[in-house]
Amino acid sequence: MAGSIDARLSELGIELPNAAAPAANYVPYVISGKTLYISGQVPFWNGELKGVGKVGKDMTAEEAQKIARICALNIIAQAKAACGGDLDKVARVVKVGGFVNATDDFTQHPMVVNGASDLMVEVFGDKGKHARFAVGAGSLPLGVAVEVEAVIELA
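By convention here, each chain's residues receive numbers from 1 onward along its written sequence. The model is predicted, so local features are restricted to residues of pLDDT at least 70 and side-chain atom pairs to those at 80 or more, both for listing and for counting; the totals for chains, interfaces and linings are taken over all residues. To obtain the side-chain values, all non-hydrogen atoms of the structure were included, while hydrogens and water were left out.

Enquirer: Outline the environment of G53, supporting the account with residue identities and numerical values.
Expert: Helix numbering and strand numbering both begin at the N terminus, where a helix is a DSSP run of H or I of at least 4 residues and a strand a DSSP run of E of at least 2. Tracing the chain through its elements places G53 in the loop between β4 (48-49) and α2 (61-82). Three labels apply to residues, based on accessible area from a 1.4 Å probe with only protein chains included: buried if under 20% of the type maximum, exposed if over 50%, partly exposed otherwise in between. The exposure class assigned to G53 is buried, which follows from its relative accessible area of 10%. Linking G53 and L142, residues 89 residues apart in sequence, is a C-alpha distance of 9.3 Å. In this analysis, two residues are considered to be in contact whenever any of their non-hydrogen atoms come within 4.5 Å of each other. Contacts of G53, omitting those with residues within four sequence positions, involve D58, M59, N101, G143, V144 and A145.

Next up, the structure:
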C-alpha cells in the first residue's frame, strides 16, 4: 500500500527519477540520529544529464528554475532510498541549499532555486517549508546550471 506522500506524488503526476549513485568518494546521503543529509544533486534524469550551461548566458532564470526542480526530484528520490521506500518517514524538510552556475551580473538566484523549494512544498505540504540559501557560482560539476542539497528531519 502506498503512503500518503506516494499518493500525493501520483495525484500531482510526478514521477521520481532513480536515485543516482555517487560519482566520487562520498555517499548520496547520511542519516545521523533523526537528521537526513542529502548530498548535492545535479540534474540527472535516470542517467541523462539535463540543464548544462550558465544561467544568464545559455538559459533564462525560468529555464534554470525547471532544472532546479529536477535537482529537487533527485533529492526526493534519495530521501525515498534513505527511508527504505517510505517517504511518510519525512517529518520535515529543514533546509534546502541551491547553487546556481551564473554569469557575474546575474542576480535572480532565489528565483531559480524556487524551482526546488516550490516542489518541496507541493509534495510535502507544510512539512516541506524550509530554511534556504541560494547562491551564485562561477561553475558547477559537469557544467550544470544548478545543484541542490537538503537537510531533512525524519520521524
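Still to come is the rest of the account.
Enquirer: I'd like a description of the side chain of N74, backed by residues and values.
Expert: As for its position among the elements, N74 is in helix α2. Note on N74: relative accessible area 2%, which makes it buried. Side-chain polar atoms of N74 contact the backbone oxygen of F44, separated by 2.8 Å. Every residue in contact with N74, bar those within four places of it in the chain, is listed here: P17, N18, Q41, V42, P43 and F44. Distance and chemistry together define a polar contact, namely a pair of N or O atoms within 3.5 Å, with one atom able to donate a hydrogen and the other to accept it when in protein, and with adjacent residues in sequence counting only for side-chain atoms on both sides.

Enquirer: Which residues make up the packing of aromatic side chains, and what are the values?
Expert: Here a Phe, Tyr or Trp ring, Trp counted by its six-membered ring, pairs with any other such ring whose centre lies within 6.5 Å, and the pair is stacked when the planes are under 30 degrees apart, edge-to-face when over 60, and tilted otherwise. Applying the stated rule across the entire model yields one aromatic pair. Arranged with centres 5.3 Å apart and planes meeting at 75°, the rings of F99 and F133 form a pair that is edge-to-face. With F99 in strand β5 (residues 90-101) and F133 in strand β6 (residues 131-137), this pair connects stretches of sequence that are 34 residues apart. By relative accessible area, which is 27% here, F99 ends up partly exposed.

Enquirer: Summarise the sheet that holds β6; cite the residues concerned and give the values.
Expert: Strand pairing requires that DSSP identify at least two bridges connecting the strands. In space, the five strands of this open sheet follow the order β1-β2-β7-β5-β6, with mixed pairing throughout. Strands at the two margins of the open sheet, each flanked by one partner only, are β1 (29-32) and β6. Across the sheet, the mean angle from the axis of one strand to that of its neighbour is 15°, orientation sign disregarded. Where β5 lies against strand β7 (residues 146-154), nine bridges are found, and the strand directions are antiparallel. In this description, a line fitted to the C-alpha atoms serves as the axis of each element, helices being fitted only across the stretch in contact, and the angle between N-to-C directions of two axes falls anywhere from 0 to 180 degrees.

Enquirer: Can you break down the nonpolar core residue by residue, with the values?
Expert: Counting residues in hydrophobic clusters, the biggest one holds 41 residues, and the most contacted among them are V55, L87, V112, F124 and V146. Secondary-structure elements contributing two or more residues to this core are α1 (4-12), β2 (35-41), α2, β5, α3 (109-124) and β7. Per element, the largest residue contribution to this core is twelve residues, and it comes from α2. Dropping the residues within four chain positions of it, L87 is found in contact with I5, D6, L9, L16, I76, A79, K80 and F124. Buried residues of nine kinds, namely Ala, Val, Leu, Ile, Met, Phe, Trp, Tyr and Cys, make up a nonpolar core once their side-chain atoms join them within 4.5 Å.

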